[in-house]
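The residues making up each chain are set out below.
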Amino acid sequence: IYYYIIRQAGGIKMNVRLLKAKRVEHDMLQSELGYILGITPKSACQKENSVRCRYTVEEMLKITECLKLTGEEFDEIFFDGKLTECINNGHKNNIL
């Protein structure tokens with residue numbers, strides 16, 4: 001899975017609205033999420049508002065943990081559902 005994430009993260013559309021909704025659901029400010037990720041508030045704003053995923057693998061995993069995202073939510077936010085689609089279509093060689 002990590003290979004797929006590394007290869008695809010910069011080229012897949014990110015679901016900005018769902019990420020913001022999950023952050024707000026956890027009563028977390030954008031700057032607080034930035035602090036958890038070890039980035040500046042400005043960087044947190046730029047990354048969260050980017051249509052393309054600008055998060056590193058480590059940042060995506062931290063976000064998943066602190067926002068308690070399900071696998072489906074992770075896929076919808078960071079990969080526009082493409083990860084699940086790839087697995088369901090039997091393209092497992094592309095994600096290992």
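Just above sits the structure.
So, a few notes on the structure that sits alongside this text. A quick note: this is a predicted structure, and the numbers were derived from the prediction, not measured. (Residues numbered from 1 in each chain as written. Predicted model: local features only at pLDDT ≥ 70, side-chain atom pairs only at ≥ 80, totals over all residues. Heavy atoms only, no water.)

**Some words on the packing of helix H3 (residues 30-37) against helix H5 (residues 57-66)**
The line we're drawing: In this analysis, axes come from line fits to C-alpha atoms, helices being fitted only over the stretch in contact, and the angle between any two N-to-C directions falls in the range 0 to 180 degrees. Every helix listed is a DSSP run of H or I at least four residues long, and every strand listed is a run of E at least two residues long, numbered separately from the N terminus. Geometric relationships in this document are graded by angle, where less than 35 degrees denotes roughly parallel, more than 145 denotes roughly antiparallel, 65 to 115 denotes roughly perpendicular, and other angles denote oblique. Whether a crossing is left-handed or right-handed is set by the direction in which the near helix is turned from the far one by less than a right angle, anticlockwise for left-handed and clockwise for right-handed. The contact criterion used throughout is that any non-hydrogen atoms of two residues lie within 4.5 Å.
At a minimum axis distance of 10 Å, the contact between H3 and H5 shows a crossing angle of 125°. Considering the angle they form, H3 stands oblique to H5. In the crossing of H3 with H5, the sense of the turn from one axis to the other is right-handed. Taken together, the residues of H5 that come into contact with H3 (itself represented by Leu33, Ile36 and Leu37) are Glu59, Lys62, Ile63 and Cys66.

**Points about the side chain of Thr64**
Put simply, the rule is: Burial status follows relative accessibility: with a 1.4 Å probe on protein chains alone, a residue under 20% of its type maximum counts as buried, one over 50% as exposed, and anything between as partly exposed. N or O atoms closer than or at 3.5 Å make up a polar contact, with two conditions inside protein: a donor-capable atom paired with an acceptor-capable one, and, for residues adjacent in sequence, both atoms drawn from side chains.
When you line up the elements, Thr64 lands in helix H5. Note on Thr64: relative accessible area 18%, which makes it buried. Within polar-contact distance, the side chain of Thr64 engages the backbone oxygen of Met60 at 2.8 Å. Dropping the residues within four chain positions of it, Thr64 is found in contact with Leu69, Phe74 and Phe78.

Interpretation note: all reported values are geometric properties and have no functional meaning in isolation.
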